[in-house]
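# Structural features, examined
This is what each chain is made of:
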Amino acid sequence: MSTVTKTQNPETDPRVKAVFDDIRTTRKSDFINNMWLYLAFDPELLEKTWAEVKEVMATPSALDPLVKEMLYIAVSVTNGCSYCAHSHTAAAKAKGMTREQHADLMRVIALAARTNQLAVALQVPVDAAFDADRKA
């Protein structure tokens, strides 16, 4: 259940329409998913959030688009965000993620969660060799 009411006819607001049009153009799809439909309750928040998502996820960078989606899945799972885990898994599959890659990703997420919990529980001190400021 949502904490805000989905705006009826959100594109009557020109700011919302401009963002939705940019989403459609950027993604080459007419589909506007619920995240954006619900964020439309606040046009400024919608604009700022879309601008950052577009910059990080849709702009070419040092990371391959599939890798970005897989990282997003890992963080979403870690944060317990079902919506994001579902939407970014769909996006990763659309970008070519195979069943084998998905299974491998799940193994990495599970392993990282387990070893992170152990490191936190044991309060293992960080090795000096891992300190970026350490003199080589």
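What comes next is a walk through the structure. (Residues numbered from 1 in each chain as written. Predicted model: local features only at pLDDT ≥ 70, side-chain atom pairs only at ≥ 80, totals over all residues. Heavy atoms only, no water.)

## Let's talk about the overall build of the protein chain
Helix and strand counts for the protein chain come out as six helices and zero strands. Going residue by residue from the N terminus, the α and β elements of the protein chain occur as α-α-α-α-α-α. Relative to its length of 136 residues, the protein chain is extended, with a C-alpha radius of gyration of 19 Å against a globular reference of 14 Å. Referenced to the eigenvectors of the C-alpha coordinate spread, the extents of the protein chain come out at roughly 55 × 35 × 30 Å. Among the 136 residues that make up the protein chain, the fraction classed as buried is 24%. In the protein chain, the share of contacts with a sequence separation of at least 24, taken over all contacts with a separation of at least 6, comes to 50%. On the protein chain, roughly 10000 Å² of surface is accessible, and the fraction owed to carbon and sulfur atoms is 59%. Within the protein chain, one finds 16 positive and 17 negative side-chain charges whose respective centroids are separated by 5 Å. (Helix = DSSP H or I, 4+ residues; strand = E, 2+ residues; numbered from the N terminus. Rg over C-alpha atoms; globule rule 2.2 N^0.38 Å. Buried < 20%, exposed > 50% of the residue type's maximum accessible area, 1.4 Å probe, protein only. Contact = heavy atoms within 4.5 Å. Areas by Shrake-Rupley, 256 points an atom, 1.4 Å probe, with all protein chains shown as cover. Lys, Arg positive; Asp, Glu negative; His and termini not counted. Charge placed at Lys NZ, Arg CZ, Asp CG, Glu CD.)

## What to know about the environment of Lys-17
The residue Lys-17 is located in helix α1 (residues 14-27) in this model. Distance from Lys-17 to Glu-44, taken between C-alpha atoms, is 12 Å for residues 27 residues apart in sequence.

## Here we look at the environment of Pro-43
Turning to its location among the elements, Pro-43 is positioned in helix α3 (residues 43-58). Sequence separation of Pro-43 and Arg-134 is 91 residues, and the distance between their C-alpha atoms is 46 Å. Those residues within four positions of Pro-43 in sequence are excluded, and the remaining contacts are Asp-13, Arg-15 and Val-16.

## Notes on the side chain of Thr-89
Note that Thr-89 resides in helix α5 (residues 82-94). When neighbours within four sequence positions are excluded, Thr-89 is seen to be in contact with Ile-73, Cys-84, Met-97 and His-102.

## Some words on the layout of surface pockets
Approximately 820 Å³ is the volume attributed to the largest pocket. Forming the boundary of the largest pocket are 31 residues, of which Arg-27, Val-53, Glu-69, His-88 and Ala-91 lie nearest the centre. Mapped by element, the contributors of at least two residues to the lining of the largest pocket are α1, α2 (34-39), α3, α4 (65-79) and α5. Looking at the lining of the largest pocket element by element, the count peaks at seven residues for α3. Of the residues in the lining of the largest pocket, the class split is 16 nonpolar, eight polar and seven charged. Lining the second largest pocket are Val-4, Asn-34, Met-35, Tyr-38, Leu-39, Phe-41 and Tyr-83. Of the residues forming the lining of the second largest pocket, the biggest block, four residues, is contributed by α2. Of the residues assigned to the lining of the second largest pocket, the class counts are six nonpolar, one polar and no charged. (1 Å grid on protein atoms, 1.4 Å probe; cavity = no way out; pocket = protein on both sides within 12 Å on 5 of 7 lines; lining within 4 Å. Points joined across faces, edges and corners; volume = space filled by probe spheres on them. Nonpolar A, V, L, I, M, F, W, Y, C, P; charged D, E, K, R; others polar.)

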